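Below are the chains, spelled out letter by letter.
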Amino acid sequence: MRMLLNNCVLMQRGFFMYVCLCQAVTDRDIQQAAKNGATSLKDLRRQLGVTVDCGRCARFASKCLKTANESFAVSDQAA
Ligand code: FES
């Protein structure tokens, strides 16, 4: 089952959200990129292709990356 609500998509594995529609990059892709060491929009552009087309995703992609890196920092402190 697949349902589209704004940028959110419900799949069998749960919710994810498209961040970059041009390159079909999701918030999960950005979280994975952060786990792999991405720290900047330039890193996301290189790894996932965000902003290479229309560029409208730049602000949101940066916000998702910042949130992902902050959550990893908190979980590292808790460990
Ligand atoms: S939405 Fe990301 S490049 Fe267009």
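Residues numbered from 1 in each chain as written. Predicted model: local features only at pLDDT ≥ 70, side-chain atom pairs only at ≥ 80, totals over all residues.

Student: How do you make sense of helix H1 (residues 27–35) when you look at a structure like this?
Tutor: Working note: α-helix, 3.6 residues per turn, so residues spaced by three or four point in the same direction. Among the residues of H1, Asp-27, Asp-29, Ile-30, Ala-33 and Ala-34 are the ones counted as buried. The buried side chains of H1 occupy one side of the element, clustering within an arc of 155 degrees when seen end-on. Trailing H1 by a residue or two, Gly-37 shows a phi angle of about 110 degrees, which is positive. (Buried ≥ 20, exposed ≤ 12 C-beta atoms within 10 Å, placed from the backbone. Helix = DSSP H or I, 4+ residues; strand = E, 2+ residues; numbered from the N terminus. Arc of directions from axis to C-beta.)

Student: Is there a simple way to think about the nonpolar core in this case?
Tutor: Soluble, globular proteins show a tendency: their nonpolar side chains are buried together. Ranked by size, the top nonpolar core spans 14 residues in total, and within it Val-19, Ile-30, Leu-44, Val-50, Ala-61 and Leu-65 carry the most contacts. Elements that contribute at least two residues to this core include exactly strand E3 (14–20), H1, helix H2 (41–48) and helix H3 (58–78). Each residue touching Val-19, except ones within four places of it in the same chain, is listed here: Val-25, Thr-26, Asp-27, Ile-30, Val-50, Cys-57, Phe-60, Ala-61 and Cys-64. (Core = buried A, V, L, I, M, F, W, Y, C linked by C-beta atoms within 7 Å. Contact = placed C-beta atoms within 7 Å.)

Student: Which parts of the structure should I look at to understand the environment of Phe-60?
Tutor: Mapping Phe-60 onto the fold places it in helix H3. Given 17 C-beta atoms within a 10 Å radius, Phe-60 is considered partly exposed. Distance in space between the C-alpha atoms of Phe-60 and Cys-20 is 8.6 Å, their sequence separation being 40 residues.

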